[in-house]
Amino acid sequence: MNSVLNATKVPLTFITAIAIFIQLYMAFFYAPTEKYMGDIQRIMYFHVPSAFVAFVAFGIVFVGGILYLYTKNKKWDYLALSAAEIGVLFTTFVLVTGSLWARPVWNAWWVWDDPRLVTSLILWFIYIAYLFIRASVDGDERHRKFAAIFGIIGFIDVPLVYFSVMWWRTIHPKVIDKNGVYMPTEMSQTLFFSILAFQLLFFTLLIYRFFHEKQKEKMKEINI
């Protein structure tokens with residue numbers, strides 16, 4: 001696993017850089033200006049992909065936690081921690097860009113009775129707590145196990161965030177559902193490419209963060 005990840009770092013970084021450059025061009029120049037919201041709608045090409053990154057990141061925390069509990073191999077703990085940190089970063093970006101988008105459209109920075117907003121904030125708090133728990137590990141296997149269990153349970157909120165616009169009444173726009181995509185072709189192309197580009201960015205960051213965590217642990221063992 002380590003050799004494969006190490007071999008992909010440079011080519012993946014190069015591909016990601018190109019993808020992000022194309023994504024920025026599409027978001028600001030290729031996609032048309034939305035008729036009613038204007039240019040503020042372009043936040044969607046960063047807001048929505050960031051949410052998908054967070055979902056994937058916390059999914060990896062979930063899987064990594066299960067594999068760590070089953071195998072006791074620390075590499076799964078390192079992977080879960082790395083994914084959690086990146087997931088929290090992108091969830092923060094989701095909350096910030098969502099507020100910036102909401103202010104001119106909803107005339108409010110935040111709406112407490114919107115299920116997606118509230119479940120997203122809860123998700124952010126859950127994995128902030130996970131990082132605090134994980135920071136107290138310092139080589140203690142009991143803490144690692146507790147963090148893994150907490151990360152697994154915390155993943156329950158991910159489907160709540162995703163399906164909140166379908167299960168409850170919400171003012172969040174539904175641009176994609178089982179019936180199709182409700183936007184012009186150029187906008188949908190830009191959105192889907194943005195999701196792809198952000199996923200590439202996530203996996204690039206994950207690989208670098210994973211190896212950083214492994215090196216940090218090796219340094220601790222040498223100092224001991």
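Computed from a prediction, not measured in an experiment: that's the story for all the values here.

(A) Representation of the overall build of the protein in the model. In terms of regular secondary structure, the protein is built from 7 helices and 2 strands. What you see in the protein, going N to C, is helices and strands ordered as α-α-α-α-α-α-β-β-α. Among the 224 residues that make up the protein, the fraction classed as buried is 45%. Within the protein, residue pairs in contact and separated by at least 24 positions form 75% of the contacts whose partners lie at least 6 positions apart.

(B) View of the packing of helix H4 (residues 115-135) against helix H5 (residues 141-154). Axis separation between H4 and H5 bottoms out at 9 Å; the angle between their running directions is 170°. In terms of orientation, H4 lies roughly antiparallel with respect to H5. The residues of H5 that touch H4, namely those facing Leu123, Ile126, Tyr127, Ala129, Tyr130, Ile133 and Arg134, are His143, Arg144, Phe146, Ala147, Ala148, Phe150, Gly151 and Gly154.

(C) View of the environment of Tyr30. Structurally, the position occupied by Tyr30 is in helix H1 (residues 2-30). Along the sequence, Tyr30 and Met187 sit 157 residues apart, while their C-alpha atoms lie 8.3 Å from each other. Setting aside anything within four residues of it in sequence, one finds Tyr30 in contact with Tyr25, Glu186, Gln189 and Thr190.

(D) Looking closely at unusual backbone geometry. Phi at Lys72 is positive, roughly 65°, even though this residue is not glycine. Mapped onto the fold, Lys72 is located in the loop between helix H2 (44-71) and helix H3 (74-106). Its relative accessible area of 41% is what places Lys72 among the partly exposed residues.

(E) Seen up close, the nonpolar core. Core analysis: the largest hydrophobic core is formed by 45 residues, its most contacted members being Tyr45, Phe58, Val61 and Tyr127. Mapped onto this core, the elements with two or more residues apiece are H1, H2, H3, H4, H5, helix H6 (157-167) and helix H7 (185-223). Per-element accounting of this core gives the leading share, 12 residues, to H2. Residues in contact with Tyr45, not counting those within four places in the same chain, are Gln23, Ala27, Ala31, Met187, Thr190, Leu191, Ser194 and Phe198.

(F) Structural context of the side chain of Ser120. Tracing the chain through its elements places Ser120 in helix H4. A relative accessible area of 10% means that Ser120 is categorised as buried. Setting aside residues up to four positions removed in sequence, Ser120 forms contacts with Thr91, Leu95 and Val161.

(G) Region of the structure containing the packing of H2 against H5. For the pair H2 and H5, interaxial distance at closest approach is 8 Å and the crossing angle is 140°. Looking at the two axes, H2 sits oblique to H5. When you trace H2 past H5, the crossing you get is left-handed. Facing H2, whose interface residues are Val61, Phe62, Gly65, Ile66, Tyr68 and Leu69, H5 presents Glu141, Arg144, Lys145, Ala148, Ile149, Gly151 and Ile152. Residues of the contact of H2 with H5, tallied by class, amount to 8 nonpolar, 2 polar and 3 charged.

(H) Structural context of the confidence of the model for the protein. Taken over all residues, the pLDDT of the protein has a mean of 86, while the share at 70 or more is 85%. Ranking the elements of the protein by mean pLDDT puts strand E1 (residues 176-177) last with 62 and H2 first with 95.

(I) The arrangement of the packing of aromatic side chains in detail. Scanning the model with the defined rule gives 15 aromatic pairs in all. Between Phe55 and Tyr162 the ring centres are 6.2 Å apart and the planes differ by 80°, which places this aromatic pair in the edge-to-face class. Pair noted here: Phe55 is in helix H2 and Tyr162 is in helix H6, with a separation of 107 residues, a long-range link. The exposure class assigned to Phe55 is buried, which follows from its relative accessible area of 16%. Note on Tyr162 and Phe163: the rings are 5.0 Å apart at their centroids and 90° apart in plane angle, and the pair reads as edge-to-face. The class for Tyr162 is partly exposed, based on a relative accessible area of 35%. By relative accessible area, which is 29% here, Phe163 ends up partly exposed. Aromatic ring contacts, followed pair by pair, group Phe28, Phe46, Phe90 and Phe198 into a single cluster.

Basis of the calculations
- Residues numbered from 1 in each chain as written.
- Predicted model: local features only at pLDDT ≥ 70, side-chain atom pairs only at ≥ 80, totals over all residues.
- Heavy atoms only, no water.
- Helix = DSSP H or I, 4+ residues; strand = E, 2+ residues; numbered from the N terminus.
- Buried < 20%, exposed > 50% of the residue type's maximum accessible area, 1.4 Å probe, protein only.
- Contact = heavy atoms within 4.5 Å.
- Axes fitted to C-alpha atoms, helices over the stretch in contact; angles between N-to-C directions.
- Parallel < 35°, antiparallel > 145°, perpendicular 65-115°, else oblique.
- Core = buried A, V, L, I, M, F, W, Y, C linked by side-chain atoms within 4.5 Å.
- Left-handed = near helix turned anticlockwise from the far one by under 90°.
- Nonpolar A, V, L, I, M, F, W, Y, C, P; charged D, E, K, R; others polar.
- pLDDT = per-residue confidence, 0-100.
- Phe/Tyr/Trp six-rings, centres within 6.5 Å; stacked < 30°, edge-to-face > 60°.

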